[in-house]
Amino acid sequence: FPCIARVFIDPNDLTLQWAMIFVKAELSGAFRRSCLTEEFIQSLGLFNDGPNIRPSIFNDDAEFIELTRHDEYLLQILYDRRLEPGMLRDEAEPIVRQIAAELLADGKT
């Protein structure tokens, strides 16, 4: 891996406590910046990459080298005060849908 993030989540309250990002020294230019950006955002809690995540810096085909609007929305949703660590999917999903609807209604598309 050219770069990777490691995080520690407190098992008692499920909060993110710290993160470290490791980057290969030979990485440079836009690839280094993209890698650092992606790992930094992942260390904030958006952990997963995948080929079907689009449009996103988390798409594994490296098509995007900067955060997209989609990524920014995901961060806003993740850190919205209405969500709490340890919520179950059934609890969080209606709140996430409401936050997403509000973001789109605000004309930030």
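Keep in mind that this is a model prediction, so the values were computed, not measured. (Residues numbered from 1 in each chain as written. Predicted model: local features only at pLDDT ≥ 70, side-chain atom pairs only at ≥ 80, totals over all residues. Heavy atoms only, no water.)

### Here we look at the confidence of the model for the chain
What counts is decided by this rule: pLDDT measures how confident the predictor is about each residue, on a scale from 0 to 100. For helices the rule is a DSSP run of H or I covering at least 4 residues; for strands it is a run of E covering at least 2, with both sets numbered from the N terminus onward.
Residues of the chain with pLDDT of at least 70 account for 96%, and the chain-wide mean is 90. Summarising per-element confidence for the chain, the mean pLDDT is lowest in helix H1 (residues 29–43) (91) and highest in helix H3 (residues 89–105) (97).

### Some thoughts on the state of the cysteines
This is how the line gets drawn: Here, the term disulfide refers to a pair of cysteine sulfur atoms separated by no more than 2.5 Å. Exposure is judged per residue with a 1.4 Å probe applied to protein chains only, and the accessible area is read against the type maximum: over 50% gives exposed, under 20% gives buried, and values in between give partly exposed.
Scanning the model with the defined rule gives 1 disulfide in all. For Cys3, the disulfide goes to Cys35, at an S-S distance of 1.3 Å. Every disulfide takes its handedness from the sign of the S-S torsion; for Cys3 and Cys35 that torsion is -100°, giving left-handed. A residue pair is termed long-range when its members are at least 10 positions apart, and Cys3 in strand S1 (residues 3–9) and Cys35 in helix H1 qualify at 32 residues. Here Cys3 and Cys35 have matching classes, each one buried.

### Comments concerning the environment of Ile99
Our working definition: Any two residues whose heavy atoms approach within 4.5 Å at even a single point are treated as in contact.
Along the chain, the position of Ile99 falls in helix H3. Exposure remark for Ile99: the relative accessible area of 3% places this residue in the buried category. Setting aside chain neighbours within four positions, we find Ile99 in contact with Ile77, Asp80, Arg82 and Leu83.

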